[in-house]
Amino acid sequence: MPAPGGWPDPYAEAMAVWPELWRSHPTLVFPSRPDHPPATGWLPAEAASGLEGAPRWQAILNDLHLAVTAPDGRLWYSGPLLSTRPWRRTARARGELLLITGPFTHPTDFLPAAHGGHLLCAMADLSLLNCF
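Criteria and thresholds
- Numbering of residues starts from 1 in each chain and follows the order in which that chain's sequence is written.
- Per-residue local features of the predicted model are confined to residues with pLDDT of at least 70, and side-chain atom pairs are confined, for both listing and counting, to 80 or more; whole-chain, interface and lining totals are unaffected and use all residues.
- Side-chain metrics rest on all non-hydrogen atoms present in the structure, leaving aside hydrogens and water.
- For every residue, the accessible area obtained with a 1.4 Å probe (protein chains only) is divided by the maximum for its type, and the residue is called buried under 20%, exposed over 50%, and partly exposed between those limits.
- Only DSSP runs of H or I with at least four residues qualify as helices, and only runs of E with at least two residues qualify as strands; both kinds are numbered from the N terminus onward.
- For this quantity, the arc is that covered by the directions from the helix axis to the C-beta atoms.
- Throughout, a contact is declared for two residues whenever any of their heavy atoms are within 4.5 Å.
- Note: two strands are recorded as paired if DSSP finds a minimum of 2 bridges between them.

K.L.:
Just give me the short version of helix 3 (residues 107-115), but keep the residues and values in it.
P.N.:
Those residues of helix 3 that fall on the buried side of the exposure criterion are Phe-110, Ala-113 and Ala-114. The buried residues of helix 3 occupy one face: seen down the axis, they fall within an arc of 95 degrees. Seen from the buried face of helix 3, the exposed residues on the opposite side, beyond 90 degrees, are Thr-108 and Pro-112. Packing partners of the buried residues in helix 3 comprise strand 1 (27-29) and strand 6 (96-101). Gly-117 lies just past helix 3 and shows a positive phi near 75 degrees.

Put into structure tokens, the structure is as follows:
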């Protein structure tokens, strides 16, 4: 993908594997915080092709409440998740949830974190309960 002016785009290779662009995969993008540190099971976004072999997380969506536990069983996230019917349909079909975290606190910080190679990804097995 050429950059403006005809020069090669330095981010083209990274964009090919950026998980936030995997539109067919249910994803939870969550800023890193001291009470949600990345631990076992996270991989850099550019190594996203290795997620299948990484330690698995568990996620349960019960109506509008999502609980995500790390591979060691520690609760990593528990809270509301507003999701659309198409998102839930895809999530049910895939049976997994892509988790993305990194050093961003606002949507405008996300792209610089991605361009800087600071995003981390993990894969969670997903169960949906009481979701229509």
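K.L.:
Requested: an account of the pairing of strand 3 (residues 57-62), with residues and values cited.
P.N.:
Residues in a regular strand project their side chains so that they alternate between the two faces of the sheet. Where burial is concerned, the two faces of strand 3 differ: the one with Trp-57, Ala-59 and Leu-61 is buried and the one with Gln-58, Ile-60 and Asn-62 is not. Looking at chain direction, strand 3 and strand 7 (residues 120-129) are connected through 6 bridges and run parallel. Counterpart to Leu-61 in the pairing with strand 7 is Leu-128. Judged from the 5 bridges that link them, strand 3 and strand 4 (residues 65-69) form a sheet pairing that is antiparallel. Counterpart to Ile-60 in the pairing with strand 4 is Ala-67. In this structure, the hairpin formed by strand 3 and strand 4 is closed by a connection of 2 residues, where Asp-63 is found at a positive phi of approximately 60 degrees.

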